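Coordinate analysis (summary)
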Amino acid sequence: DNDKIQLIGQVLLQRGFKDWFLFFFKLVENKPFEIELIHQDLFDLFNDIETGKILRQVVNIAPRSAKTTLSIYFIAYCFAKNPYCQFIYTSYSQDLLADNSRRLANILTNTIYTKMYLLNSIEEEQQLNIIDNFWSEYLKKNNDFKITSKKITTQAGGICLFASIGSQITGFGFGDRNRKGFNGCLIIDDGNKNAL
């Protein structure tokens, strides 16, 4: 029954990001998420970002702490709450961006997600970006000259642009000043190739 599914979806949203994430992670990944001590702080952080208590935040924790996974699910969670959200997700690693755009698309096209939140279609677009001279020379020297962007657009008009460091994002933004409440953010995930 679609009405019951939509009601469950709204109850999950009201319970907050942690409960929503745990439900959808198990549904999409087909395994439970293993909560460690650091994760409660991360759940609280994402709730504070979504409610506007925190406007800028740097998360500097060890690899494999689930910060990327939580970030991707956070975008899907925000689209469920506000399908007009606008995100820019950027990283030095083009491979990370490709994986994360696929992960987000898998969540947004999940049958239960689309029934709960009536987002029954998304568009994916990939394009080669023109980059400025500085980044062009830098990336040529490092043999890493594959700069692309992938944009996921929800049926309602929400956007998540996955753009690598050095790619052109002119014309895109995150959030919408004309709308009230949280409606998107910029996520920089491993912005430096040599970051530890």
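From a predicted model like this one, the values you see are computed outputs, not experimental measurements.

1. Structural notes on a nonpolar patch on the surface
The grouping of Phe174, Leu186 and Ile188 at the surface amounts to a nonpolar patch, some 280 Å² of accessible area in total. Within the secondary structure, isoleucine 188 is located in strand E5 (residues 186-188).

2. Quick notes on the packing of helix H1 (residues 2-15) against helix H2 (residues 17-29)
Between H1 and H2, whose axes approach to 6 Å, the crossing angle comes to 130°. Viewed along their axes, H1 and H2 adopt a mutual orientation that is oblique. Residues Leu12, Leu13 and Arg15 of H1 pack against Asp19, Trp20, Phe23 and Phe24 of H2. For the contact of H1 with H2, a count of residues per class yields five nonpolar, no polar and two charged.

3. Observations concerning the pattern of salt bridges
Tallied over the full model, the rule gives four salt bridges. In this structure, aspartate 19 and arginine 15 form a salt bridge, with 2.9 Å as the shortest nitrogen-oxygen distance. We classify aspartate 19 as partly exposed; its relative accessible area is 25%. Using a relative accessible area of 58% as the deciding quantity, one classes arginine 15 as exposed. With its nearest N and O atoms 2.4 Å apart, the salt bridge here joins aspartate 99 to arginine 102. With aspartate 99 and arginine 102 both in helix H5 (residues 94-108) and three residues apart, this pair spans about one turn of that helix. Given a relative accessible area of 38%, aspartate 99 falls into the partly exposed group.

4. Considerations on the pairing of strand E4 (residues 159-164)
Counting buried positions over the six residues of E4 gives five, a clear majority of the element. Looking at chain direction, strand E1 (residues 86-91) and E4 are connected through six bridges and run parallel. Directly across from glutamine 86, in E4, lies its bridge partner isoleucine 159.

5. Structural notes on the environment of glutamine 86
Inspection of the secondary structure assignment puts glutamine 86 in strand E1. For the pair glutamine 86 and cysteine 160, spaced 74 residues apart in the sequence, the C-alpha separation amounts to 5.9 Å.

6. Points about the side chain of asparagine 100
Relative to the elements of secondary structure, asparagine 100 occurs in helix H5. For asparagine 100, a relative accessible area of 1% gives the class buried. Polar contacts involving the side chain of asparagine 100 include one to the side chain of tyrosine 89, which spans 3.2 Å. With near-sequence residues (within four places) excluded, asparagine 100 lies in contact with Thr68, Ile72, Tyr89, Phe162 and Asp189.

7. Points about H2
With 13 residues, H2 extends 17 Å between its outermost C-alpha atoms, agreeing within 8% with the 18 Å of an ideal straight helix rising 1.5 Å per residue. Those residues of H2 lying buried are Phe17, Trp20, Phe21, Phe24 and Phe25. Along the long axis of H2, the arc covered by the buried residues comes to 125°, so they all point the same way. Packing partners of the buried residues in H2 comprise H1, helix H3 (37-51), helix H4 (67-81) and helix H6 (111-117). Asparagine 30 sits one or two positions beyond H2 and adopts a positive phi of about 60°.

8. Focus on the environment of isoleucine 75
With respect to the secondary-structure elements, isoleucine 75 resides in helix H4. We classify isoleucine 75 as buried; its relative accessible area is 0%. C-alpha of isoleucine 75 to C-alpha of leucine 104: the two residues are 29 residues apart in sequence and 7.8 Å apart in space. The residues contacting isoleucine 75, other than those within four sequence positions of it, are Phe87, Tyr89, Leu104, Cys160 and Ile187.

9. Some words on H1
The terminal C-alpha atoms of H1 lie 20 Å apart, and with 14 residues this matches the ideal 20 Å at 1.5 Å per residue to within 8%. The secondary structure elements touched by the buried residues of H1 are H2, H4 and H6. Just downstream of H1 lies glycine 16, where phi reads positive at about 105°.

About the cut-offs
Residues numbered from 1 in each chain as written. Predicted model: local features only at pLDDT ≥ 70, side-chain atom pairs only at ≥ 80, totals over all residues. Heavy atoms only, no water. Patch = residues over 30% accessible without salt bridge, like charges linked within 9 Å, V, L, I, M, F, W, Y side chains within 5 Å. Areas by Shrake-Rupley, 256 points an atom, 1.4 Å probe, with all protein chains shown as cover. Salt bridge = Lys/Arg side-chain N within 4 Å of Asp/Glu carboxyl O. Helix = DSSP H or I, 4+ residues; strand = E, 2+ residues; numbered from the N terminus. Axes fitted to C-alpha atoms, helices over the stretch in contact; angles between N-to-C directions. Parallel < 35°, antiparallel > 145°, perpendicular 65-115°, else oblique. Contact = heavy atoms within 4.5 Å. Nonpolar A, V, L, I, M, F, W, Y, C, P; charged D, E, K, R; others polar. Buried < 20%, exposed > 50% of the residue type's maximum accessible area, 1.4 Å probe, protein only. Pairing = 2+ DSSP bridges. Polar contact = N/O pair within 3.5 Å; in protein donor to acceptor, adjacent residues only side chain to side chain. Expected span 1.5 Å × (residues − 1). Arc of directions from axis to C-beta.

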